Amino acid sequence: SQLAEENSWALSVHEGESVTVNCSYKTSITALQWYRQKSGKGPAQLILIRSNEREKRNGRLRATLDTSSQSSSLSITATRCEDTAVYFCATDHNNAGAKLTFGGGTRLTVRP
Amino acid sequence: ETAVFQTPNYHVTQVGNEVSFNCKQTLGHDTMYWYKQDSKKLLKIMFSYNNKQLIVNETVPRRFSPQSSDKAHLNLRIKSVEPEDSAVYLCASSPGKDTQYFGPGTRLLVL
């Protein structure tokens, strides 16, 4: 079973709307990261939120972390067509190592 | 701005052939990775190297072998490819255990 997973496989919104992608994980973490992968590119990190943080912002992006329910959300406000991508959460379960476990991804389509 | 470079972009080959993929990073990071991404976008780590030393080796078939000449280069060789090896292979680097920087990937198609 996956150690991290997003809760929706695909989402579709119209430009200008807000959207939230959710993620749940199964074991304790030191940090959770959100990545975005556009078509034909590798994933790029959007936000890193540590286990002692509850919220982190990056421009139109806002990530939350709830360690009690082992869940996180990534919200995008005022979406643009260029936000169309696959969004992944990734968790670090190993304090000593450099290993991330990625969720299966949520495909977001922003329509004009 | 690309700082993790992968070649080739795309490779088509026949079952049983050997292939090699190259990865170079110009970020000065100590740690590099190979991931396999399947058609459903699922990302699975295969190998991780820290300063030319293997530190993570997930359960992958023996036909896969990583090769590192220095901390800026991490190549991947697949001996005798099989149809299930068709995927996108992503290389990444990181300065520690936080942010990973990915290359654009090498798409492999095994006929």
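Here the structure is shown first, and the text comes after it.
Residues numbered from 1 in each chain as written. Chains lettered and ligands numbered in written order. Predicted model: local features only at pLDDT ≥ 70, side-chain atom pairs only at ≥ 80, totals over all residues. Heavy atoms only, no water.

1. Comments concerning the interface of chain B and chain A
No. 1: Contacts between the two partners involve 19 residues from chain B and, on the opposite side, 24 residues from chain A.
No. 2: Both sides together, the interface formed by chain B and chain A hides about 1,700 Å², and carbon and sulfur atoms give 53% of it.
No. 3: Among the residues of chain B in contact with chain A, Lys41, Lys97 and Asp98 of chain B are the three that bury the most area, contributing 33% of the side total.
No. 4: In this assembly, chain B and chain A are joined by 1 salt bridge.
No. 5: Between Arg50 of chain A and Asp98 of chain B there is a salt bridge, with its nearest N and O atoms 2.8 Å apart.
No. 6: The interface formed by chain B and chain A includes 5 residue pairs in polar contact (both at pLDDT 80 or more). (Contact = heavy atoms within 4.5 Å. Buried area = accessible area lost by both parts, 1.4 Å probe. Salt bridge = Lys/Arg side-chain N within 4 Å of Asp/Glu carboxyl O. Polar contact = N/O pair within 3.5 Å; in protein donor to acceptor, adjacent residues only side chain to side chain.)

2. Things to note about the sheet that holds strand β3 (residues 19–25) of chain B
All names here are of chain B.
No. 1: Within the open sheet, the 4 strands sit side by side as β1-β3-β8-β7. Their pairing is antiparallel. In the strand order of this sheet, the two ends are held by β1 (4–7) and β7 (64–70), each with one partner. In this sheet, adjacent strand axes meet at a mean angle of 20 degrees when their direction is disregarded.
No. 2: Summarising the sheet, β3 and strand β8 (residues 73–78) pair through 4 bridges and their orientation is antiparallel. Paired with Ser20 across the two strands is Arg77, which belongs to β8. (Pairing = 2+ DSSP bridges. Helix = DSSP H or I, 4+ residues; strand = E, 2+ residues; numbered from the N terminus. Axes fitted to C-alpha atoms, helices over the stretch in contact; angles between N-to-C directions.)

3. What about the packing of aromatic side chains?
No. 1: All told, the structure shown has 9 aromatic pairs over all chains when counted by the stated rule.
No. 2: Ring geometry for Tyr35 of chain A against Phe102 of chain A: centres 5.3 Å apart, planes inclined by 55 degrees, an arrangement best described as tilted. Separated by 67 residues along the polypeptide, Tyr35 of chain A in strand β4 (residues 31–37) and Phe102 of chain A in strand β10 (residues 101–102) bring together distant segments of the chain. Residue Tyr35 of chain A shares its accessibility class with Phe102 of chain A, and that shared class is buried.
No. 3: Note on Phe64 of chain B and Tyr89 of chain B: the rings are 6.2 Å apart at their centroids and 35 degrees apart in plane angle, and the pair reads as tilted. Taken together, the residues Phe64 of chain B in strand β7 and Tyr89 of chain B in strand β9 (residues 87–94) connect sequence positions 25 residues apart. (Phe/Tyr/Trp six-rings, centres within 6.5 Å; stacked < 30°, edge-to-face > 60°. Buried < 20%, exposed > 50% of the residue type's maximum accessible area, 1.4 Å probe, protein only.)

4. Concerning the state of the cysteines
Note on terminology: a disulfide is the covalent bond linking the sulfur atoms of two cysteines.
Residues and elements named next belong to chain A.
No. 1: Applying the stated criterion to the full structure yields 2 disulfides over all chains.
No. 2: Sulfur-sulfur distance for the disulfide between Cys23 and Cys89 comes to 2.0 Å. As the torsion about the S-S bond is roughly 75 degrees, the Cys23-Cys89 disulfide counts as right-handed. Here Cys89 lies in strand β9 (residues 85–92) and Cys23 lies in strand β3 (residues 19–25), a separation of 66 residues in the sequence. (Disulfide = S-S within 2.5 Å.)

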